[in-house]
Amino acid sequence: MAMQFGIRAANYPLTEDDMERLQLPNALRAHQHKLFGLTIDPDRLTAIRNERKPNSRYASYAQCEFEVREVENLFRRENIAHINSTHFSVEEISAKILVEKGVERRFK
């Protein structure tokens, strides 16, 4: 996005602390109008986490399903556009964000 569109983007993963509060972190509040959320299918998240920490609560399907559900609820409550990124490439995700946010390519 930065190279083709001149857009600076950052990834802000919601942490366990954020999950406990179930509210938008203060660091993001000032940028809320720019935010775009990405979610993932709980079964895919479980598989990824099982590679990192096998047989842990962190990697359990129940925990992953809870986190995805709560984050999607947070996005809806805060009116943050979001998509499930499970089956999309980085390029497809970027294109969807640009369309959703109404961003047009900037030429120098």
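Our structure's up above, just so we're on the same page.
The paragraphs below set out a description of the structure included in this document. All figures in this text were calculated on a predicted structure; none of them were measured in a lab. (Residues numbered from 1 in each chain as written. Predicted model: local features only at pLDDT ≥ 70, side-chain atom pairs only at ≥ 80, totals over all residues. Heavy atoms only, no water.)

### Here's the deal with helix α5 (residues 61-77)
For α5, which comprises 17 residues, the first-to-last C-alpha distance of 24 Å matches the rise-based estimate of 24 Å (1.5 Å per residue) to within 8%. Looking only at α5, the buried set comprises Q63, C64, E67, V68, E70, V71, L74 and F75. Contacts made by the buried residues of α5 are with α2 (16-21), β1 (37-39), α4 (42-52) and β2 (82-84). Once α5 ends, the next one or two residues include N79, with phi positive near 60°. (Helix = DSSP H or I, 4+ residues; strand = E, 2+ residues; numbered from the N terminus. Expected span 1.5 Å × (residues − 1). Buried < 20%, exposed > 50% of the residue type's maximum accessible area, 1.4 Å probe, protein only. Contact = heavy atoms within 4.5 Å.)

### A look at the packing of aromatic side chains
Taken as a whole and judged by the stated rule, the model has zero aromatic pairs. A cation sits over an aromatic face here: R49 above Y58, 4.2 Å from the ring centre. (Phe/Tyr/Trp six-rings, centres within 6.5 Å; stacked < 30°, edge-to-face > 60°. Lys NZ or Arg CZ within 6 Å of the ring centre and 35° of its normal.)

### Here we look at the nonpolar core
Counting residues in hydrophobic clusters, the biggest one holds seven residues: M19, L24, L28, L35, V71, F75 and I80. If we skip the residues at most four places from it in the chain, M19 touches F66, E67, E70 and V71. (Core = buried A, V, L, I, M, F, W, Y, C linked by side-chain atoms within 4.5 Å.)

### Some remarks on the packing of α4 against α5
One can describe the packing of α4 onto α5 by two numbers: an axis separation of 8 Å at closest approach and a directional angle of 125°. Here α4 lies oblique to α5, going by the angle between them. Helix-helix and strand crossings are classified by hand; for α4 and α5 the assignment is right-handed. Note on element contacts: α5 touches α4 through Y61, Q63, C64, E65, E67 and V68, opposite P42, D43, L45, T46 and R49. (Axes fitted to C-alpha atoms, helices over the stretch in contact; angles between N-to-C directions. Parallel < 35°, antiparallel > 145°, perpendicular 65-115°, else oblique. Left-handed = near helix turned anticlockwise from the far one by under 90°.)

### A closer look at the layout of surface pockets
Regions of empty space are outlined by a rolling probe, equal in size to a water molecule, passed over the atoms. Taken as a whole, the largest pocket encloses approximately 1900 Å³ of empty space. Around the largest pocket sit 47 residues that line it, and A10, N11, Y12, F36 and L38 are the ones nearest its centre. When contributions to the lining of the largest pocket are tallied by element, the ones reaching two or more residues are α2, β1, α4, α5 and α6 (90-101). The residue inventory of the lining of the largest pocket, partitioned by class, reads 27 nonpolar, 11 polar and nine charged. (1 Å grid on protein atoms, 1.4 Å probe; cavity = no way out; pocket = protein on both sides within 12 Å on 5 of 7 lines; lining within 4 Å. Points joined across faces, edges and corners; volume = space filled by probe spheres on them. Nonpolar A, V, L, I, M, F, W, Y, C, P; charged D, E, K, R; others polar.)

### What about the environment of I40?
Mapped onto the fold, I40 is located in the loop between β1 and α4. Between the C-alpha atoms of I40 and T86, which are 46 residues apart in sequence, the distance is 4.9 Å. Setting aside its immediate chain neighbours within four residues, I40 contacts L45, I48, V68, N84 and T86.

Shape descriptors only; they carry no functional weight alone.
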